[in-house]
Amino acid sequence: MSKRARRAATAPGAAQPTVTVCRGCCCGTPKTPGLDHTAQLRALRQQLAGVATVRVTNCLTACERANVIVVQPSAEGRSNGGRPVWLGLVNDPDATTDITAWIREGGPGLADPPTILDLYAFRPSRRVQGELHDE
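Everything numeric in this text was worked out from a predicted model, so none of it was measured.

Colleague: For the sheet that holds strand β3 (residues 69-72), give the residues involved together with the corresponding values.
Modeller: Each strand in a sheet pairs with another by means of backbone hydrogen bonds, the pair being arranged parallel or else antiparallel. Read from one edge to the other, the open sheet built from five strands follows the order β2-β1-β3-β4-β5, with strand pairing classed as mixed. Looking along the sheet, the strands with just one partner apiece sit at the ends: β2 (53-57) and β5 (121-122). Of the pairings in the sheet, the one linking strand β1 (residues 18-22) to β3 comprises four bridges and is antiparallel in character. Each residue of the ladder has a partner; that of valine 21, found in β3, is isoleucine 69. Against the sheet, helix α2 (residues 37-47) engages β1, β2 and β3, with an angle of about 155° to β2.

Colleague: Let's hear about helix α4 (residues 93-104): which residues, and what values?
Modeller: Taking 1.5 Å per residue, 12 residues should reach 16 Å; α4 reaches 16 Å between its end C-alpha atoms and fits that length. Residues of α4 that are buried: Ala95, Thr96, Ile99, Thr100, Trp102 and Ile103. An end-on view of α4 places all buried positions within 160° of arc, on one side of the element. Within α4, the exposed residues directed more than 90 degrees away from the buried face are Pro93, Asp94 and Arg104. Elements in contact with the buried residues of α4: β1, α2, β3 and β4 (85-87). You can read the cap of α4 off the contacts: a side-chain oxygen lies 3.0 Å from the backbone nitrogen of aspartate 94, and it is on aspartate 92. Positive backbone phi, at 135°, marks glycine 106, one or two positions downstream of α4.

Colleague: Provide a residue-level description of the environment of isoleucine 99, including the pertinent values.
Modeller: Checked against the element boundaries, isoleucine 99 lands in helix α4. Each C-alpha atom of the pair isoleucine 99 and valine 71 lies 8.8 Å from the other, and the pair is 28 residues apart in sequence. Residue contacts for isoleucine 99: discarding those within four places in its chain leaves Ile69, Val71, Leu87, Val90 and Leu117.

Colleague: Residues and numbers for the pairing of β3, please.
Modeller: Neither face of β3 is exposed, since Ile69 and Val71 on one face and Val70 and Gln72 on the opposite face are all buried. By the bridge criterion, three bridges tie β3 to β4 in an arrangement that is antiparallel. Across the sheet, the residue bridging to valine 70 is tryptophan 86, located in β4.

Colleague: Describe the packing of α2 against α4, and please don't skip the residues or the numbers.
Modeller: At a closest axis distance of 10 Å, the pairing of α2 and α4 adopts a crossing angle of 20°. Between α2 and α4, the angle is such that the two are roughly parallel. As α2 packs across α4, the resulting crossing turns out to be right-handed. In contact with Gln40, Ala43, Leu44 and Gln47 of α2, α4 contributes Thr96, Thr97, Thr100 and Arg104. A class-by-class count of the residues in the contact of α2 with α4 yields two nonpolar, five polar and one charged.

Thresholds applied
- Residues numbered from 1 in each chain as written.
- Predicted model: local features only at pLDDT ≥ 70, side-chain atom pairs only at ≥ 80, totals over all residues.
- Heavy atoms only, no water.
- Pairing = 2+ DSSP bridges.
- Helix = DSSP H or I, 4+ residues; strand = E, 2+ residues; numbered from the N terminus.
- Contact = heavy atoms within 4.5 Å.
- Axes fitted to C-alpha atoms, helices over the stretch in contact; angles between N-to-C directions.
- Expected span 1.5 Å × (residues − 1).
- Buried < 20%, exposed > 50% of the residue type's maximum accessible area, 1.4 Å probe, protein only.
- Arc of directions from axis to C-beta.
- Polar contact = N/O pair within 3.5 Å; in protein donor to acceptor, adjacent residues only side chain to side chain.
- Parallel < 35°, antiparallel > 145°, perpendicular 65-115°, else oblique.
- Left-handed = near helix turned anticlockwise from the far one by under 90°.
- Nonpolar A, V, L, I, M, F, W, Y, C, P; charged D, E, K, R; others polar.

Next comes the structure, spelled out in structure tokens:
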């Protein structure tokens, strides 16, 4: 299957947002101190159960912004103009809570993110963005 066909295919759970949590070489490791990484992932899964698909991926190549979380819109959110939102330096429980609250309200395309998330948002290179879709 070509990359283009993979990108065009509807992903399982597309009816709901997808939250991709980087857990590669820097994210989720002692290289990013001061955060219980296991508790962060557990909180995301518990707070978003039935609301979003939470998945873990290997390195997203944005190591300077560890911990990285990417929120992809639901099908409805995408049809309303929502696009993936890349969040970096998500290294405290309050940030995780803000992210889950936004997703519970609908996420990209359906709800405005809390303004505090502007501090975490970044735009990765096209190459890095493509790596997320190549999995």
